[in-house]
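As a plain string of letters, each chain reads:
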Protein chains: 4
Amino acid sequence: MFKPIKSTKVYEQVVEQIKGMIMDGTLKKGDKLPAERDLAEQLQVSRASIREAIRVLEVIGLVESRQGGGNFIRESFENSLFEPLSMVFMLEKSKPQEILELRRIMEIETAALAARKINDKDLEAIREIIEEMKKTDDEIINAALDKEFHYRIAHASGNVLVLNILNAVSILIDEFIKGAREMIVSNEENRHRLAEQHEEIYIALKNHNQKGAIDAMKKHFDFVDKYYY
Amino acid sequence: MFKPIKSTKVYEQVVEQIKGMIMDGTLKKGDKLPAERDLAEQLQVSRASIREAIRVLEVIGLVESRQGGGNFIRESFENSLFEPLSMVFMLEKSKPQEILELRRIMEIETAALAARKINDKDLEAIREIIEEMKKTDDEIINAALDKEFHYRIAHASGNVLVLNILNAVSILIDEFIKGAREMIVSNEENRHRLAEQHEEIYIALKNHNQKGAIDAMKKHFDFVDKYYY
Amino acid sequence: MFKPIKSTKVYEQVVEQIKGMIMDGTLKKGDKLPAERDLAEQLQVSRASIREAIRVLEVIGLVESRQGGGNFIRESFENSLFEPLSMVFMLEKSKPQEILELRRIMEIETAALAARKINDKDLEAIREIIEEMKKTDDEIINAALDKEFHYRIAHASGNVLVLNILNAVSILIDEFIKGAREMIVSNEENRHRLAEQHEEIYIALKNHNQKGAIDAMKKHFDFVDKYYY
Amino acid sequence: MFKPIKSTKVYEQVVEQIKGMIMDGTLKKGDKLPAERDLAEQLQVSRASIREAIRVLEVIGLVESRQGGGNFIRESFENSLFEPLSMVFMLEKSKPQEILELRRIMEIETAALAARKINDKDLEAIREIIEEMKKTDDEIINAALDKEFHYRIAHASGNVLVLNILNAVSILIDEFIKGAREMIVSNEENRHRLAEQHEEIYIALKNHNQKGAIDAMKKHFDFVDKYYY
DNA sequence: GTGGTCTAGACCACG
DNA sequence: GTGGTCTAGACCACG
């Protein structure tokens, strides 16, 4: 007859309510939340509870706090997996090699997906990156372009989960394997080899050749990963 | 010449300090944090700031709050990627199909890694799961065992990042593609086919045959994924 | 175990950054700081924060604001200790006598240091001051020359900290013991005695006789301080 | 209580008014200033001006801002000369040796003043410090006690200007001649010598023997300063 | 002027 | 005793 009371914490309910409003479209990207004081009054809770809720939403990646400006629904969630993945990496005392394994694991099959779905815009972007890389021997620029190259393929997969994870992996590499990208492109012979491999990958993507994309990407990582093991 | 200023919030510094103490081993899994009031005094900040910090640590998955009990360092971080990945899924209005793509992308190459690194204990565990599946036609049990089967392979890869992501993916499927696993195993013909595929994967893993593992896993997903598209 | 959190305010970081640039030579004496609006943009903070920072730098004595002209790095810091020392004097409800004690304490041993390090230029300057004092019985001029006499000895010590403090002390005397210097030189007998004492000090300095300098200076203050007690 | 401000450099007038109220006792140590908003209203100026003024008062050492707490008149001004003296030290590119010279210059004659004015309480405190130093060979503790020893003598001089400057000098040494104090007391032979010297100084102070205090202190610094030149 | 950040202190519920 | 919640009030920062 009587149902057990579940003490749901106030801040959790606030989180749920705001989450819900984002999901169902009541709140859209870029929207400004009411001021904390107003929210507190509208929801009839204390500002401390509102603040705890906003802190949670911030960490989840939903909300962005700007002092003196207000709280906003985030425009992009592209990098929202980095923090938690980085956390796992450090807490589990994972080795840098595992980041590279993860990258390899994901990018090979992602290449197939990209080969299937890629559109002209992404293809062209990849073409341009390849051309840019031919023009310079600056290792910083080359490393940045190489990063962009892989980002574009992930993007071409049309899968935001894949894209998000690979973005996080990319930042992980920047953070925990400092200079990794630069090292390999600082050598001219390497740059030639990479250029060839990028070209192969591009051709497979262009031809929507899934098997070819997998093989080219595998070859690419066989070459690249040698440098860290 | 002039570098942008980054204003550091108090709660962020509290988070960083506790994070740091977990990383460097000062705080270990299962440890109890000092009471909020004590922490506030020791760090010379208000309790509200302590609470915002703990809220962040809780969402990140580092800390667990038990009312009346205290705040504890989490024992396990195995599922800490689910929340953020789920968030991305919903906010980016991703389709269930993308979850399946992500799973396929990751598991195929993970099979190769597992084939290389798998030890007897994981092999045996997989063997047992296969045998268990032969014994029952209960779809709930079968679905659970199938989940366990894939978990074990991820575990055998020896890569905690991969394991964590696949765990998150697994929960995503449970949450957003309800009944997915059960549907496929409710049919006897399917159970036979799956048994054959699991056997093939097992053999490849046992023989440390990377290419074989990839092919077997690919075949497996070609079959499975048909059911959702 | 837990370290106190120090919340860093934005303006403090701005102060630190500009301080640092002055220390390491990026900004030199006389340099003009960028316009407040530009600074605000470059540092990505509000103009209010910039203004608070500049206010601090002004009080510290690093920066000089010229209405309509801009903010400049100060050319000289010789008098930058007066304000704070004066502050202490007033807030601690210190007595004028303490200023004189401080002067005595410092100048006696400073004479020894000066005796060790004095160069021809300072020696000559002191010589000239002594001669000037002989030429006039105007108490204003005499007081000014007497002040200059002690300044030169402090300068001869080659120690900028000592010089700065004694400068501040000198201004303190002007401010809080009005007419002190004039009173003593308004009497001819005194002027004779002072002339003798200055001569003795000069000779000790010229001979690099540290003990002699101390003794002469002590004698000088034994005579001078009588007038205020 | 507060009078409206008229014109020109608003923040300066605010500073002057508050300064004045501190000087004449309207505002006392530990008093809380009205909230910024109230001050702004009472003085009929903008809050930005109030904030700039408070920033100045903070740097001067008159006021302490506690976020969320309010602005308070400082209880103690003992360390308010450190910042400006440190500034002079760095900007004039002074050498660490000059800090030591300044210390020597001041402490020798300060000993004489202390010998004249010291009371039983300070004498006893010095006695205790000496006894404490005999009990331990820990260099950190010894260094701290040595610092305290000199602080007490400065305090015994009864001259707050001297005390303030020596405090600043003491912090300067801690900041810019790291490990200076520890180095000398890490050697047992040195600790013995220092103990003897401290004893001599103590006896001179106890007997109100000014010349003896100067000589003992001079001997002390002849010994100590050898370690840095 | 608006809004975020922080503090101090109080009461409640749980263990 | 400890986390959960709330309040009132103040500084901090931005536009």
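- Where an unreviewed UniProt entry is consulted, chain A appears under the name GntR family transcriptional regulator, with the organism given as Fonticella tunisiensis.

1. A closer look at the overall build of chain A
Line of reasoning, step 1. Counting its regular elements, chain A contains 11 helices and two strands.
Line of reasoning, step 2. Scanning chain A from its N terminus toward the C terminus, one meets helices and strands in the order α-α-α-β-β-α-α-α-α-α-α-α-α.
Line of reasoning, step 3. Computed over its C-alpha atoms, the radius of gyration of chain A comes to 22 Å, more than 25% above the 17 Å expected for a compact globule of 229 residues.
Line of reasoning, step 4. Residue burial in chain A is summarised as follows: out of 229 residues, 50% are buried.

2. Here we look at the interface of chain D and chain C
Line of reasoning, step 1. Contacts between the two partners involve 51 residues from chain D and, on the opposite side, 50 residues from chain C.
Line of reasoning, step 2. In total, chain D and chain C occlude about 4,700 Å² of area from one another, counting both sides; carbon and sulfur atoms represent 67% of this.
Line of reasoning, step 3. C:R51 serves as the salt-bridge partner of D:E52, at 2.7 Å between the closest nitrogen and oxygen.
Line of reasoning, step 4. Of all the elements in the fold, those that place two or more residues in the side of chain D that touches chain C are helix 1 (10-23), helix 3 (47-60), helix 4 (82-91), helix 5 (96-117), helix 8 (160-176) and helix 11 (210-225) of chain D.
Line of reasoning, step 5. The biggest single contributor to the side of chain D that touches chain C is helix 5 of chain D, with 12 residues.
Line of reasoning, step 6. Each residue belonging to the side of chain D that touches chain C can be placed in one class, and the counts come to 27 nonpolar, seven polar and 17 charged.

3. Topic: the interface of chain A and chain B
In many analyses, interface size is given as the accessible surface area lost on bringing the parts together.
Line of reasoning, step 1. The partner chain B presents 51 residues to the 51 residues of chain A that form the contact.
Line of reasoning, step 2. Surface buried jointly by chain A and chain B totals about 4,700 Å² across both partners, of which 67% is contributed by carbon and sulfur atoms.
Line of reasoning, step 3. Taken together, chain A and chain B are joined by 12 salt bridges.
Line of reasoning, step 4. A:E58 is the partner of B:K9 in a salt bridge, and the nearest nitrogen-oxygen pair spans 3.9 Å.
Line of reasoning, step 5. Across the contact surface, chain A and chain B share 15 residue pairs in polar contact (both at pLDDT 80 or more).
Line of reasoning, step 6. Going through the elements one at a time, helix 1 (10-23), helix 3 (47-60), helix 4 (82-91), helix 5 (96-117), helix 8 (160-176) and helix 11 (210-225) of chain A are the ones with two or more residues in the side of chain A that touches chain B.
Line of reasoning, step 7. With 12 residues, helix 5 of chain A is the single largest residue contributor to the side of chain A that touches chain B.
Line of reasoning, step 8. Class assignment for the residues of the side of chain A that touches chain B results in 27 nonpolar, seven polar and 17 charged.

4. Re the relation of the copies chain D and chain C
What relates the two chain copies is a rotation about an axis together with a slide along it.
Line of reasoning, step 1. Taken as rigid bodies, chain D and chain C are interconverted by a rotation of 180° and an axial shift of 0.2 Å, the fit giving an RMSD of 0.4 Å. These values place the two chain copies in the arrangement generated by a two-fold rotation axis.

5. Observations concerning the protein's contact with DNA strand E
Line of reasoning, step 1. Inspection of the region around DNA strand E gives 26 residues, with A:R47, A:R51, B:V10, B:S46 and B:S49 positioned closest.
Line of reasoning, step 2. For DNA strand E, the backbone portion of the atoms within 4 Å of the protein, that is sugar and phosphate, comes to 60%.
Line of reasoning, step 3. Between a phosphate oxygen of DNA strand E and a side-chain N or O atom of B:K9, the distance comes to 3.5 Å.
Line of reasoning, step 4. Within the side chain of D:R37, an N or O atom sits 2.9 Å from a base oxygen of DNA strand E.
Line of reasoning, step 5. Elements with a minimum of two residues in the surface near DNA strand E: helix 2 (36-43), helix 3 and strand 2 (70-73) of chain A together with helix 1 (10-23) and helix 3 (47-60) of chain B.

Here is what the cut-offs are and how they apply
Residues numbered from 1 in each chain as written. Chains lettered and ligands numbered in written order. Predicted model: local features only at pLDDT ≥ 70, side-chain atom pairs only at ≥ 80, totals over all residues. Heavy atoms only, no water. Helix = DSSP H or I, 4+ residues; strand = E, 2+ residues; numbered from the N terminus. Rg over C-alpha atoms; globule rule 2.2 N^0.38 Å. Buried < 20%, exposed > 50% of the residue type's maximum accessible area, 1.4 Å probe, protein only. Contact = heavy atoms within 4.5 Å. Buried area = accessible area lost by both parts, 1.4 Å probe. Salt bridge = Lys/Arg side-chain N within 4 Å of Asp/Glu carboxyl O. Nonpolar A, V, L, I, M, F, W, Y, C, P; charged D, E, K, R; others polar. Polar contact = N/O pair within 3.5 Å; in protein donor to acceptor, adjacent residues only side chain to side chain. Least-squares fit on C-alpha atoms with pLDDT ≥ 70 in both. Near = heavy atom within 4 Å.

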